[in-house]
Amino acid sequence: MSDDLSLAALLGEAPKTPDPGFRFDVLARVSARAARREAWTRGLMQVAAFTAVGLLAALVQFASVSSGAWIPVLSVAGALAASGVFALVVIQGPKAALARARTVFASA
Amino acid sequence: MDPAEEARLLRLARHGDMRAFGRLVDAHQPAVRAFLRRLVGSYADADDIAQEAFARTWEVLNRYDGRSSLRSFICGVAFQYWRRGRRADNRRLARDTAYSALEDSHTEAPQNTPERLALRRAMDELPADQRAVLAMCLGQDFTHAEAAEVLKLPLGTVKSHIVRGRARLQAALGLAPETSS
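In short, a report on the structure.

What counts as what
- The numbers attached to residues start from 1 for each chain and follow its sequence in the written order.
- Note on labels: chains are lettered from A, ligands numbered from 1, in written order.
- At least 70 in pLDDT is required for a residue's local features to be given in this predicted model, at least 80 for side-chain atom pairs to be given and counted, and no such filter applies to totals for whole chains, interfaces and linings, which use all residues.
- By convention in this description, side-chain values take in all heavy atoms of the structure and omit both hydrogens and water.
- Working definition: helices are DSSP H or I runs of at least four residues, strands are E runs of at least two. Numbering for both runs from the N terminus.
- The classification of residues rests on relative accessible area computed with a 1.4 Å probe and restricted to protein chains. Under 20% of the type maximum is buried, over 50% is exposed, and intermediate values are partly exposed.
- Residues belong to one nonpolar core when they are buried, are Ala, Val, Leu, Ile, Met, Phe, Trp, Tyr or Cys, and are joined through side-chain atoms within 4.5 Å.
- Whether two residues are in contact is decided by their heavy atoms, any of which lying within 4.5 Å being enough.
- Here a salt bridge means any side-chain nitrogen of Lys or Arg lying within 4 Å of a carboxyl oxygen belonging to Asp or Glu.
- Each residue after the first adds 1.5 Å to the expected span of a helix.
- Any N or O atom pair separated by 3.5 Å or less is treated as a polar contact, with the protein-specific requirement of one donor-capable and one acceptor-capable atom, and with residues adjacent in sequence counted only for side-chain atom pairs.
- By convention, the term buried area covers the 1.4 Å-probe accessible surface removed from two parts as they join, with the contributions of both added.
- Two aromatic rings from Phe, Tyr or Trp, using only the six-membered ring of Trp, form a pair when their centres are within 6.5 Å; if the ring planes differ by under 30 degrees the pair is stacked, by over 60 it is edge-to-face, and anything between is tilted.
- Two thresholds decide whether a charge sits over a ring: the Lys NZ or Arg CZ must be within 6 Å of the ring centre and within 35 degrees of the ring normal.

### Some words on the overall build of chain A
Regarding its fold elements, chain A presents four helices and zero strands. When the helices and strands of chain A are listed from N to C terminus, the series reads α-α-α-α. Taking all 108 residues of chain A together, the buried fraction comes to 17%.

Given below as structure tokens:
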């Protein structure tokens with residue numbers, strides 16, 4: 001009972017064989033951490049983009065340019081942003097219709 | 001696992017191959033889990049830390065320079081996790097008893113329960129570094145040099161931790177400490 005191996009066995013034992021369940025849990029955690037990091041990056045990008053838009057508006061006002069002169073530019077920017085969001089949703093969103101269609105065409 | 005195969009899997013894993021990383025997990029999980037089970041006491045908590053350590057290892061694989069063994073590198077990550085978690089635990093009230101820590105150790109023979117409890121209590125009273133050294137080296141899974149590398153301690157300190165820690169554990173079992181180290 002006094003030798004090191006006995007002490008170690010009493011304190012805790014190594015699993016007899018590698019446990020596939022443990023491996024799956026590790027890989028699930030890896031994926032979850034990657035998703036969390038990606039969401040964090042995406043959030044930062046969104047905050048940065050909206051901050052830039054807000055700063056731009058403030059600068060425009062500071063430069064004493066009338067808001068009427070910027071309406072066409074802002075309209076085009078808004079349309080482009082909406083198209084970008086739509087494209088992202090179609091390609092990477094929960095349904096990912098475009099990505100699925102591409103897979104169907106590729107396999108046909 | 002032979003070193004050439006491990007190097008090959010490591011290369012693949014660094015390029016994002018999860019299957020290769022899964023094989024590395026399989027190869028090193030027994031040693032890492034054994035280390036943490038001895039360190040932590042509760043098998044469930046130990047496995048939880050081990051999984052987090054492996055997941056973190058995946059993220060920092062590029063930092064592994066090959067000077068130590070991969071197993072030591074993963075244990076170093078696990079040890080940092082445990083130490084950080086322990087600090088957080090110290091801020092909370094201790095709510096688990098020694099009995100609940102033993103609940104999930106199914107391999108335990110009933111007649112060993114008093115010894116296990118006494119050992120666990122003695123282990124919990126040791127300083128963190130000494131406890132980690134014992135968890136690594138008592139089962140002869142790691143050499144003294146590897147433990148020194150993982151725990152960032154001088155080799156002489158590791159050896160003295162083992163001698164003193166072993167004596168404390170043997171005293172907890174009511175045994176006279178061995179005279180030789």
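### Thoughts on the nonpolar core
Residues and elements named next belong to chain B. With 62 residues, the main nonpolar core has Phe21, Phe35, Leu36, Leu39, Met136 and Leu169 as its most contacted residues. No other element matches the 10 residues that helix H2 (residues 18-40) contributes to this core. When sequence neighbours within four positions are dropped, the list of residues in contact with methionine 136 reads Phe35, Cys75, Asp141, Phe142, Ala147, Val150 and Leu151.

### A word on the pattern of salt bridges
Residue and element names in this part refer to chain B. If you walk through the whole model with that rule in mind, you get 18 salt bridges over all chains. Residue arginine 8 is joined to glutamate 5 by a salt bridge in which the shortest nitrogen-to-oxygen separation is 3.1 Å. Here arginine 8 pairs with glutamate 5, and both are found in helix H1 (residues 3-14), just three residues apart, close to one helical turn. Of the residues examined, arginine 8 reaches a relative accessible area of 34% and is grouped as partly exposed.

### A word on helix H2 (residues 20-62) of chain A
Because an α-helix completes one turn every 3.6 residues, residues spaced three or four positions apart along the sequence face the same direction. Residue and element names in this part refer to chain A. An ideal rise of 1.5 Å per residue puts 63 Å on 43 residues; H2 measures up with 63 Å between its terminal C-alpha atoms. Looking at H2, one finds that the buried residues are Phe22, Arg23, Val26, Leu27, Arg29, Val30, Arg33 and Val60. At the N-terminal boundary of H2, the capping side chain belongs to aspartate 19, with an oxygen 2.9 Å from the backbone nitrogen of glycine 21. Two residues or fewer past H2, serine 64 is found with a positive phi of approximately 60°.

### A short note on the interface of chain A and chain B
Across the contact, 26 residues belong to chain A and 39 residues belong to chain B. On the chain A side of the contact with chain B, Leu11(A), Phe22(A) and Arg29(A) bury the most area, a combined 23% of that side's loss. Where chain A touches chain B, the interface holds seven salt bridges. On the surface where chain A and chain B come into contact, there are 16 residue pairs in polar contact (both at pLDDT 80 or more). Among the secondary structure elements, those contributing two or more residues to the side of chain A that touches chain B are helix H1 (4-11) and H2 of chain A. No other element matches H2(A), which puts 10 residues into the side of chain A that touches chain B.

### Focus on the packing of aromatic side chains
All names here are of chain B. If you walk through the whole model with that rule in mind, you get five aromatic pairs over all chains. Seen in terms of ring centroids, phenylalanine 35 and phenylalanine 142 are 6.4 Å apart; in terms of plane orientation they differ by 65°. Their pairing is edge-to-face. On the criterion of sequence distance, the pair formed by phenylalanine 35 in helix H2 and phenylalanine 142 in the loop between helix H7 (128-137) and helix H8 (144-151) is long-range, its members being 107 residues apart. We note arginine 37 situated over the ring of tyrosine 43; from NZ or CZ to the ring centre the distance is 4.2 Å. Sitting over the face of the ring of tyrosine 81, arginine 84 holds its NZ or CZ atom 5.4 Å from the ring centroid.

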